[in-house]
Amino acid sequence: MMKMLKKKNFRILFMMMAAVLIFTPFISLLSFAQEEGVKTFIDQVARKLIDTMKDSSSSTKTKRDKVKEILENNFDVEWMGRSAMGVNYRKLTSEQKEQYAPLYLNYLLNNYFPILMKYDNDDSYEILKIQQIDQKDYYVNLKLTTKKSENPIVIKYRVRYIKSGYKCLDMVVEGISTLTSQRAEFSSAIHQSGVDLFLKKLKSQKTE
Amino acid sequence: MSMICRTLLTVVIIVTSFAALGESGKCYKIYDPYETFNRRVFKLNRGIDRSLARPFAKIYSNFMPTWGQQRVSSFFYNIKEPLSFVNYVIQGKPVEASRTFWRFFVNTIFGIGGLFDFASKFELNVPQQTFSDTMARYNMNYGMYIIVPIIGPSTTREVYGKVVDVFTDPASMVYVNQFDGTTTEYGVATAAETRIKHDELLDDIYNTSIDWYSKTRSLYIQSLAGKDPACAKEEEIINYDENVEEEKF
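In this convention, every chain numbers its residues from 1, walking through the sequence in written order. Whichever chain is written first is A, and whichever ligand is written first is 1; the rest continue in order. For this predicted model, a pLDDT threshold of at least 70 governs which residues receive local features, and a threshold of 80 or more governs which side-chain atom pairs are given and counted, while totals over whole chains, interfaces and linings are taken from all residues. To obtain the side-chain values, all non-hydrogen atoms of the structure were used and water was disregarded.

**A short note on the pattern of salt bridges**
Residue and element names in this part refer to chain B. In plain terms, the rule: The rule for a salt bridge is simple: a side-chain nitrogen of Lys or Arg has to be within 4 Å of a carboxyl oxygen of Asp or Glu. Segments assigned H or I by DSSP are reported as helices when at least four residues long, segments assigned E as strands when at least two residues long, and all are numbered from the N terminus. Relative accessibility decides the category of a residue: with a 1.4 Å probe and only protein chains considered, values under 20% of the type maximum give buried, values over 50% give exposed, and everything between is partly exposed.
Counted according to the given criterion, the structure contains twelve salt bridges over all chains. For D211, the salt bridge is made with R39, and the minimal N-O distance between the two is 3.0 Å. Remark: R39 occurs in helix 2 (residues 35-63) and D211 occurs in the loop between helix 10 (199-208) and helix 11 (212-227); sequence separation between them is 172 residues. What makes D211 buried here is its relative accessible area of 7%. Note that E81 is salt-bridged to R103, the shortest N-O span being 2.6 Å. Here the residue E81 occupies a position in helix 4 (residues 81-90), and R103 occupies one in helix 5 (residues 94-109), the gap between them amounting to 22 residues. Comparing E81 with R103 shows no difference in burial state: the two are buried.

**Structural notes on unusual backbone geometry**
All names here are of chain B. Despite not being glycine, N139 shows a phi value in the positive range, around 60°. Along the chain, N139 turns up in the loop between helix 6 (131-137) and strand 1 (145-148). Taking the relative accessible area as the measure of exposure, N139 reaches 61% and is therefore exposed. Phi angles above zero are rare outside glycine, and I150 is one such case at about 70°. Along the chain, I150 falls in the loop between strand 1 and strand 2 (152-155).

**Considerations on the environment of K68 of chain A**
Residues and elements named next belong to chain A. Test applied: The contact criterion used throughout is that any non-hydrogen atoms of two residues lie within 4.5 Å.
Within the secondary structure, K68 is located in helix 2 (residues 60-74). Along the backbone, K68 and E95 are 27 residues apart, and their C-alpha atoms lie at a distance of 23 Å. Residues within four places of K68 in sequence aside, it is in contact with L105 and L109.

**Points about the environment of F113 of chain A**
Residues and elements named next belong to chain A. Its place among the elements puts F113 in helix 4 (residues 94-117). For F113, a relative accessible area of 6% corresponds to the buried category. Not counting the four nearest positions on each side in its chain, F113 is found in contact with M53, T60, K63, R64 and V67.

**Points about the packing of helix 10 of chain B against helix 11 of chain B**
Residue and element names in this part refer to chain B. For the record, the criterion: An axis is simply a line fitted to the C-alpha atoms; with a helix, the fit covers only the stretch in contact. Between two such axes, the angle follows the N-to-C directions and lies from 0 to 180 degrees. Convention used here: angles under 35 degrees read as roughly parallel, angles over 145 as roughly antiparallel, angles from 65 to 115 as roughly perpendicular, and any remaining angle as oblique. Whether a crossing is left-handed or right-handed is set by the direction in which the near helix is turned from the far one by less than a right angle, anticlockwise for left-handed and clockwise for right-handed. Three residue categories are used. Nonpolar comprises Ala, Val, Leu, Ile, Met, Phe, Trp, Tyr, Cys and Pro, charged comprises Asp, Glu, Lys and Arg, and polar comprises the others, including Gly.
Between helix 10 and helix 11, the least distance of the axes is 9 Å, while the angle of their chain directions is 135°. Classed by the angle they form, the pair helix 10 and helix 11 counts as oblique. Considering how the two elements wind past one another, helix 10 and helix 11 form a crossing that is right-handed. Between helix 10, through L202, I205, Y206 and T208, and helix 11, the contact on the second element is made entirely by W212, K215, T216 and L219. By residue class, the composition of the contact of helix 10 with helix 11 is five nonpolar, two polar and one charged.

**Some words on a nonpolar patch on the surface**
All names here are of chain B. For the record, the criterion: Patch rule: a residue counts if its relative accessible area is over 30% and it has no salt bridge; like charges are joined within 9 Å, and nonpolar side chains (Val, Leu, Ile, Met, Phe, Trp, Tyr) within 5 Å. Each accessible area is a Shrake-Rupley estimate made with a 1.4 Å probe; only the visible protein chains count as cover when residues are assessed.
Taken together, the side chains of F85, V89, F101, W102, F105, I109, F110, F118 and F122 make up a nonpolar region of the molecular surface, amounting to roughly 920 Å² of accessible area. Secondary-structure elements contributing two or more residues to the nonpolar patch are helix 4 and helix 5. Among the elements that take part in the nonpolar patch, helix 5 stands out by supplying four residues, more than any other. W102 sits in the partly exposed class, given a relative accessible area of 44%.

**Looking at the packing of helix 2 of chain B against helix 10 of chain B**
Any two packed helices are characterised by the angle at which their axes cross and by the distance between the axes. Residue and element names in this part refer to chain B. Interaxial distance between helix 2 and helix 10 falls to 11 Å at its minimum, and their mutual angle equals 135°. The pairing of helix 2 with helix 10 is recorded here as oblique in orientation. For helix 2 against helix 10, the interelement crossing comes out left-handed. Two secondary-structure elements touch here, helix 2 through R46, R50, R54, A57 and K58 and helix 10 through D199, D203 and Y206. Across the contact of helix 2 with helix 10, the residue classes break down as two nonpolar, no polar and six charged.

**Some remarks on the nonpolar core**
Grouped burial of nonpolar side chains is what soluble globular proteins tend to show. Our working rule: Put simply, a nonpolar core is a bunch of buried Ala, Val, Leu, Ile, Met, Phe, Trp, Tyr and Cys residues held in one set by side-chain atoms that sit within 4.5 Å of each other.
Counting residues in each nonpolar core, the largest one holds 51 residues, and the members touching the most others are Y100, Y104, Y157, F186 and F198 of chain A. Among the elements that line this core, the one with the most residues is helix 4 of chain A, at ten residues. Not counting residues up to four positions away in its chain, the partners in contact with F186 of chain A are A84, M85, Y100, Y104, Y107 and F198 of chain A together with I210 of chain B. In terms of nonpolar packing, the next biggest core, distinct from the first, is built from 16 residues, Y142, V159, Y213 and I221 of chain B among them.

**Quick word on the interface of chain A and chain B**
To keep things clear, this is the line we draw: Here's the idea: put two parts together, see how much 1.4 Å probe accessible area each one loses, and the total over both is what we call buried area. Between N or O atoms, a polar contact is any pair within 3.5 Å; within protein, one atom must be a potential hydrogen donor and the other a potential acceptor, and residues adjacent in sequence are included only when both atoms are from side chains.
At the junction of the two partners, chain A supplies 46 residues and chain B supplies 34 residues. When chain A packs against chain B, close to 3600 Å² is buried across both sides, 45% of that on carbon and sulfur atoms. In this structure, the connection of chain A to chain B is made through zero salt bridges. Linking chain A with chain B are nine residue pairs in polar contact (both at pLDDT 80 or more), by the criterion used here. Only helix 3 (77-85), helix 4, strand 3 (153-162), strand 4 (165-173), strand 5 (176-177) and helix 5 (178-204) of chain A provide two or more residues apiece to the side of chain A that touches chain B. Examining the composition of the side of chain A that touches chain B, we find that 13 residues originate from one element, helix 5 of chain A, more than from any other.

Here it is in C-alpha cells:
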C-alpha cells in the first residue's frame, strides 16, 4: 500500500515538473511579447508626437488639434479624468460628469502642449526599459536628451492593456507623477471653492 | 554675521524645532497644517517674484545665449560639490563620496573652475546631496510643508538642512573670507541662478493650473519623496484605481 502511494506521489511530482518545464518558456515568451507590445506602443506614440511637432508647415492650432487626437487615441483620458478627481467624482451629478469630461481633456492638453512646443529638432529619445508593476500595468522608462538640459530627462509612462489596446495612464517626469499632481490640485480646488466653481475654473482655461 | 541675522536664525531654529515635534508628513503624504497662512505667504512671494525675480530671469534668459547659461549653471553646480561630498561622508557612502570628490577635482581643474562638466564624460555622475537628504537617509520625515518668505516652498526638514548647509558648505566658507564676513553675494547669486533655471517651469505651472498653490505643493512633495530612498516602494504602491468609480477593466 505504502509502495503504491509513493509511486502515485512520484507520478504527480513528475507530471508537475513536466508541466513547469513545458509551460515556463511559453510564460516567459508571453511576458516578452507583452513587453515588446508596450515598448512598440510608446515608441509609436512618441514618434507621432515628434512628427507633429516637427511639421513646420502646420500652424500651432493644427498641431494642437493633432496632439489632442493623439491624446484621445492613446491615453485613457476618461479613466485619467476619473482618477484625477478621486473621491470627488462620486459627488458629481450626471450633468456635471458630462460637463467635466471634455473640460478635463482640454486641461490635459493645456498641460502637455506647451511642453511639446519646446521640442527641438535636435532632441532625441531612447526607450530604456520596461518594468511590470502588477498584473495590469507597465512602466516604460524613456530617456529624453534635449538641447536645453545638460542632463537627460527620465520619463516613465504608465501603460495598461485594455479592450481597445494599450493605453497610457500617467506620465512620471523625474519622479513627479502627472496624475498624482492633478489629484492633489483638483481635490484642493474642490475643497476650497466647491465643485461648481472648480468646473468654472476648468472652463475658463484657455483653449488655445 | 550681524546680530539681526543671528537672532533671526535662532528664532527660525526654535520655531521649526517646536513645529517638528508635532505630526509630520512622510513620503507622498501631504501635511500642511498652516495652509491658510502658507497661502498668504505664497501670494506675497508671487508678488515679489513677479516684480523682481521674474523680470531679472527674463532679461537674463533673453540676453544670455544657451551656451552661456549652461556654463553659469555648471559653475554653480560645481561649487556645491564639496557640500555634497561632506554629506555623503556623513551618510556613510564612501563610493559616492569618492566619486563626488573626483567629479569636483576634474571639473575644477580641467573644466576651468567648473564652467565645463568634463566629469560626466568619464561617467562620474552622482546626484548632489544636502543635509536635508542626509536627514532623510536617517529616516527623518519631512515634517510639515511651509512657505518661507522670499525663498518659497519648503519643509521643516529642509529649513533645518538649509541652515546646516550654510555653515557646512565649504564654498560659502571661502566666500565668507573673500567678502569680509558676509555670504550675501554667494546666497544671492545661487538664488538668482536657481530662479533662472526654473523660470520656464514656474511659468508652465502657473499657466496651466487651477489651484497654483496646491499644484506647487504636490510637485514639491513628490520631488522630495523622489529623492528619498525610503519612499521608493511607496511610489510603486500608489493605487491608481482607488476611487475610480465604475471599474471598466
